[in-house]
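Listed below, chain by chain, are the residues.
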Amino acid sequence: MSNKKETRKITDRLAEPYVNVKIKISALWASVVFCYIYGDFFGLFRTGKIERIIDGYGPFGTVTQGSLLSVAIITSIPCVMVALSLMLKPNISRWLNIIAATIFIIFLGATMLISSWYFYFYLGFIEILLKLMIIWLAWQWPLEDHKDT
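Residues numbered from 1 in each chain as written. Predicted model: local features only at pLDDT ≥ 70, side-chain atom pairs only at ≥ 80, totals over all residues. Heavy atoms only, no water.

Asker: Please provide a residue-by-residue account of the overall build of the protein, values included.
Answerer: Within the protein, the regular secondary structure consists of 5 helices and 2 strands. For the protein, the sequential pattern of α-helices and β-strands runs α-α-β-β-α-α-α. In the protein, which comprises 149 residues, the share counted as buried stands at 26%. At a minimum sequence separation of 6, the contacts of the protein that also span at least 24 residues come to 71%. (Helix = DSSP H or I, 4+ residues; strand = E, 2+ residues; numbered from the N terminus. Buried < 20%, exposed > 50% of the residue type's maximum accessible area, 1.4 Å probe, protein only. Contact = heavy atoms within 4.5 Å.)

Asker: If you had to explain the pattern of salt bridges to someone new, which residues and values would you point to?
Answerer: Going through the model one piece at a time under the given rule, you end up with 1 salt bridge. For Glu127, the salt bridge goes to Lys131, with nearest N and O atoms at 3.8 Å. Residue Glu127 and its partner Lys131 are located together in helix 5 (residues 118-139), separated by 4 residues, close to a single helical turn. Note on accessibility: Glu127 and Lys131 belong to one class, buried. (Salt bridge = Lys/Arg side-chain N within 4 Å of Asp/Glu carboxyl O.)

Asker: Please set out the layout of surface pockets residue by residue, giving values where relevant.
Answerer: In this structure, the largest pocket encloses a volume near 1100 Å³. If you trace the largest pocket, you find 33 residues lining it, with Asp40, Arg46, Lys49, Pro59 and Tyr120 closest to the centre. A breakdown of the residues in the lining of the largest pocket according to their chemical character gives 19 nonpolar, 8 polar and 6 charged. As a volume, the second largest pocket reaches approximately 270 Å³. If you trace the second largest pocket, you find it lined by Tyr18, Asn20, Val21, Lys22, Pro90, Asn91, Arg94, Trp139, Trp141, Pro142, Leu143 and Glu144. Elements represented by at least two residues in the lining of the second largest pocket include exactly helix 1 (21-43) and helix 4 (90-112). Ranked by residues supplied to the lining of the second largest pocket, first place goes to helix 4 with 3 residues. In terms of residue class, the lining of the second largest pocket is made up of 7 nonpolar, 2 polar and 3 charged. (1 Å grid on protein atoms, 1.4 Å probe; cavity = no way out; pocket = protein on both sides within 12 Å on 5 of 7 lines; lining within 4 Å. Points joined across faces, edges and corners; volume = space filled by probe spheres on them. Nonpolar A, V, L, I, M, F, W, Y, C, P; charged D, E, K, R; others polar.)

Asker: I'd like a description of the side chain of Ser85, backed by residues and values.
Answerer: Tracing the backbone through its elements, the reader meets Ser85 in helix 3 (residues 65-87). Judged by relative accessible area, which is 0%, Ser85 ranks as buried. There is a polar contact of 3.2 Å between the side chain of Ser85 and the side chain of Asn97. In this structure, Ser85 is in contact with Lys22, Ile25, Ser26, Trp29, Ser93 and Asn97, ignoring residues within four places of it in sequence. (Polar contact = N/O pair within 3.5 Å; in protein donor to acceptor, adjacent residues only side chain to side chain.)

Asker: Explain the packing of helix 1 against helix 3 to me, and be specific about the residues and the numbers.
Answerer: For the pair helix 1 and helix 3, the least separation of the axes is 8 Å and the interaxial angle reads 170°. Between helix 1 and helix 3, the angle is such that the two are roughly antiparallel. Seen from helix 1, the contacting residues are Lys22, Ile23, Ile25, Ser26, Trp29, Ala30, Val32, Val33 and Tyr36; seen from helix 3, they are Pro78, Cys79, Met81, Val82, Ser85 and Leu86. Its residues assigned to classes, the contact of helix 1 with helix 3 shows 12 nonpolar, 2 polar and 1 charged. (Axes fitted to C-alpha atoms, helices over the stretch in contact; angles between N-to-C directions. Parallel < 35°, antiparallel > 145°, perpendicular 65-115°, else oblique.)

Asker: An account of helix 4 is needed here, citing residue identities and associated values.
Answerer: With 23 residues, helix 4 extends 32 Å from end C-alpha to end C-alpha; this agrees with the ideal 33 Å at 1.5 Å per step. If you check which residues of helix 4 are buried, you get Ser93, Arg94, Asn97, Ile98, Ala100, Ala101, Phe104, Ile105, Leu108, Thr111 and Met112. Packing partners of the buried residues in helix 4 comprise helix 1, helix 3 and helix 5. (Expected span 1.5 Å × (residues − 1).)

This is a description of form; function is not addressed.
See below:
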């Protein structure tokens with residue numbers, strides 16, 4: 001018997017399983033929603049924020065039924081896109097994802113201009129990257145294979 005250690009050369013590569021584009025886009029929208037949630041949570045720690053909330057001020061000024069409904073509508077769109085990306089027919093899902101992600105990039109860009117908080121810029125940058133990935137994946141949506149029979 002030899003005292004030499006037997007070395008085993010690993011030549012196997014890990015498999016790269018196929019992941020449907022719908023699942024990829026849905027996961028990206030879910031990541032966007034998490035960034036929104038954490039951004040809003042961290043925002044509560046800004047000096048004076050809780051006092052402004054108690055005094056009746058929200059993201060669009062004085063809190064009213066309409067202002068909170070507006071915020072609810074805006075923030076619900078990415079949440080709903082998680083499910084719609086999986087459930088809609090490919091052509092509809094493709095264009096809806098491109099349009100929604102583009103609009104939210106513009107909206108985020110505008111809101112980033114009025115902030116000076118580093119955490120907001122960081123999360124905003126991540127959100128923009130995620131939305132650009134959504135647009136790219138939707139734009140590059142795989143075509144259906146047509147086999148002549």
